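A structural walkthrough
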Amino acid sequence: MVGTPADGSIRVVIIDDSLLVRNIISDQIKKESRIQVIATGKTGVDCIELATKLRPDIVILDVEMPVMDGLSALQELQKRKLGIPVMMLSVLTQHGADATFKALEYGAIDFVPKPSSSNQFNPEEIGTVLKNRILAYFDSLRPSHADLDPKKIVDTVKSKIFKNEKKAVEAVCIGTSTGGPKALQTVFSDFPENFHLPIFVVQHMPIGFTKAFASRLNDHSKITVKEAEDGEEVRPGTGYVAPGDAHLKIESKAGRKWIALGREALVNGHRPSVEVLFDSAIREYGSALVGVIMTGMGKDGAAATLRMRETGASTVAQDEDSSVIFGMNRQAIEMGGVQFVEPVSAITSRILSILKERGN
C-alpha cells in the first residue's frame, strides 16, 4: 500500500499529450505548498518510465494519448506493482467517459475533467478539485489521533433507543464520492433480478459524466439503472443516479412518488448532495428506508444518516479497508448514525438481510 510522504510534501508526475494542459495543471496544483510537481510527460510510455524512475507519490494521467493511452499505461503500472496511486484526466465525451470508468475498474483512485475550450470547467476550478482530492487522499492515509473502532462505536450506539424498525422497507438511498464508481458497481452487480425497491444514488461526479456512469452501472446490473430525470415517476426495481450539478429529491403527488431535480445552493460543498437526497427520503418514506453511506472525502450525508437512523430507518456504512477515502462514512459512524459497518462486497447482502428482517 502506498504510504504518506514522510516530509509532508506530495510528489506528483503529470502525464498529458497537451503541453498547455500540462502547464495549466502544474501551475494550478503547485499553488498548494504541500504539492510538488517533479516531472511531466506526454505519453503512456513517459508515464511508465517516469513512474519507475522517480517513484512519485501520485500520477495524474490523461485518458487519451498517442503512442500509449492512459488505460494501457495504468494497466502496465499495475502489472509492475509499483503501488503508485493514479488520478485520471478525462475528456467530456462518451469514449472518454467509458475509458475513465474502465480506468477506475483497473485501479485508478479518482478522475477529474480535463481542461479544454469545449467544456465549462475553468482551470482554477479543476485545479481546486485536484488539490483537494490529492490532499484528501493522502490525509486519509495518515494515522488518526482519535482511536476509531467502528464496531465498538456501532455496538455503543445500538444501546441507544431508536424508533421501531419493524416497518417494511420501501426504498434504498446510497451516498458516495471518491472511490464510489467502482464501489457502486460492486453493490449494483449483486442485486438480484427480482429486487423490487427503487434505489436512489448520489455519486459526487462532474456534470456530463453521470449519464455514462448510470449506463455503465446498468450494463453491470440485473436491475435497471438510469440517470434520474426531473418529473419522472419512481418505479420499483430501478436505480436512479443523480445528474451532475443537480440535487435529487423525491416528492409525492396523487399517492405516487416522483423525481424532482433542482439547482438550489450547494450543500456541504456539493450539488448533488447526499444530505439533500437523504433528508428528502426521510420526509417521503420515514422509517421505511435503508440508507447506505460509502467511500468519499468530506462529511456530506453524515448528519442525514444519523437523522435517518433516528427515524427508525436502517443504516449501513462501507468499512475503512474497502474505502478509497474513509471520510463521509467515517463521519457517519462517529456521529452514531450507522447500524452496520460492512466491506463493499457485503453491502448488498446486508441490504437484502435487512429487508428480510423487516418483512419485505
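Reading the values: the criteria
Residues numbered from 1 in each chain as written. Predicted model: local features only at pLDDT ≥ 70, side-chain atom pairs only at ≥ 80, totals over all residues. Heavy atoms only, no water. Helix = DSSP H or I, 4+ residues; strand = E, 2+ residues; numbered from the N terminus. Rg over C-alpha atoms; globule rule 2.2 N^0.38 Å. Buried < 20%, exposed > 50% of the residue type's maximum accessible area, 1.4 Å probe, protein only. Contact = heavy atoms within 4.5 Å. Lys, Arg positive; Asp, Glu negative; His and termini not counted. Charge placed at Lys NZ, Arg CZ, Asp CG, Glu CD. Pairing = 2+ DSSP bridges. Axes fitted to C-alpha atoms, helices over the stretch in contact; angles between N-to-C directions. Parallel < 35°, antiparallel > 145°, perpendicular 65-115°, else oblique. Nonpolar A, V, L, I, M, F, W, Y, C, P; charged D, E, K, R; others polar. Domains from an automatic or database assignment. Buried area = accessible area lost by both parts, 1.4 Å probe. Salt bridge = Lys/Arg side-chain N within 4 Å of Asp/Glu carboxyl O. Polar contact = N/O pair within 3.5 Å; in protein donor to acceptor, adjacent residues only side chain to side chain.

1. Here we look at the overall build of the chain
Helices and strands together make up the secondary structure of the chain, namely 12 helices and 14 strands. For 360 residues, the compact-globule estimate of 2.2 N^0.38 gives 21 Å, and the C-alpha radius of gyration of the chain, at 20 Å, lies within 12% of that figure. C-alpha extents for the chain along the principal axes are approximately 60 × 45 × 35 Å. For the chain, with 360 residues in total, the buried portion stands at 57%. Partitioning the intrachain contacts of the chain with sequence separation of at least 6 by distance along the chain shows that 75% fall at a separation of at least 24. One finds the centroid of the 43 positive side-chain charges in the chain at a distance of 2 Å from the centroid of its 45 negative side-chain charges.

2. Section: the environment of L77
With respect to the element layout, L77 can be found in helix α3 (residues 70–79). L77 sits in the buried class, given a relative accessible area of 5%. For the pair formed by L77 and R216, sequence separation is 139 residues and the distance between their alpha carbons is 24 Å. Excluding its chain neighbours within four sequence positions, the residues that come into contact with L77 are C47, I48, A51, L82 and V86.

3. Focus on the sheet that holds strand β5 (residues 110–113)
Pairing is parallel in the open sheet, where 5 strands are placed in the order β2-β1-β3-β4-β5. Each having just a single partner strand, β2 (35–41) and β5 make up the two edges of the open sheet. Taken pair by pair, the neighbouring strands of this sheet meet at an average axis angle of 25°, ignoring direction. Where strand β4 (residues 86–90) and β5 come together, 4 bridges link them in parallel fashion. Paired with L89 across the two strands is V112, which belongs to β5. This element, helix α5 (residues 123–141), spans β1 (10–15), β2, β3 (58–62), β4 and β5 of the sheet and lies at about 170° to β5.

4. A look at the packing of α3 against helix α4 (residues 94–106)
At a minimum axis distance of 10 Å, the contact between α3 and α4 shows a crossing angle of 5°. In terms of their interaxial angle, α3 and α4 are classed as roughly parallel. Contacts from L71, L74, Q75 and Q78 in α3 reach A99, K102, A103 and Y106 in α4. Here the contact of α3 with α4 is composed, by residue class, of 5 nonpolar, 2 polar and 1 charged.

5. Description of the domain arrangement of the chain
We note that the domain assignment places domain 1 (10–141) and domain 2 (151–358) within the chain. In this structure, domain 1 and domain 2 have C-alpha centres spaced 29 Å apart. Contact residues are listed per partner, giving 21 residues for domain 1 and 17 residues for domain 2. Between domain 1 and domain 2, a total of about 1700 Å² is buried, with carbon and sulfur atoms accounting for 71% of that surface. At the surface where domain 1 touches domain 2, the tally comes to 1 salt bridge. One salt bridge in this structure joins R216 and E105, with 2.8 Å as the shortest N-O distance. Applying the counting criterion to the domain 1 and domain 2 interface returns 2 residue pairs in polar contact (both at pLDDT 80 or more). Of all the secondary-structure elements, those providing two or more residues to the side of domain 1 that touches domain 2 are α4, β5 and α5. At 7 residues, the largest contribution of residues to the side of domain 1 that touches domain 2 is made by α4. Across the side of domain 1 that touches domain 2, the residue classes tally to 11 nonpolar, 5 polar and 5 charged.

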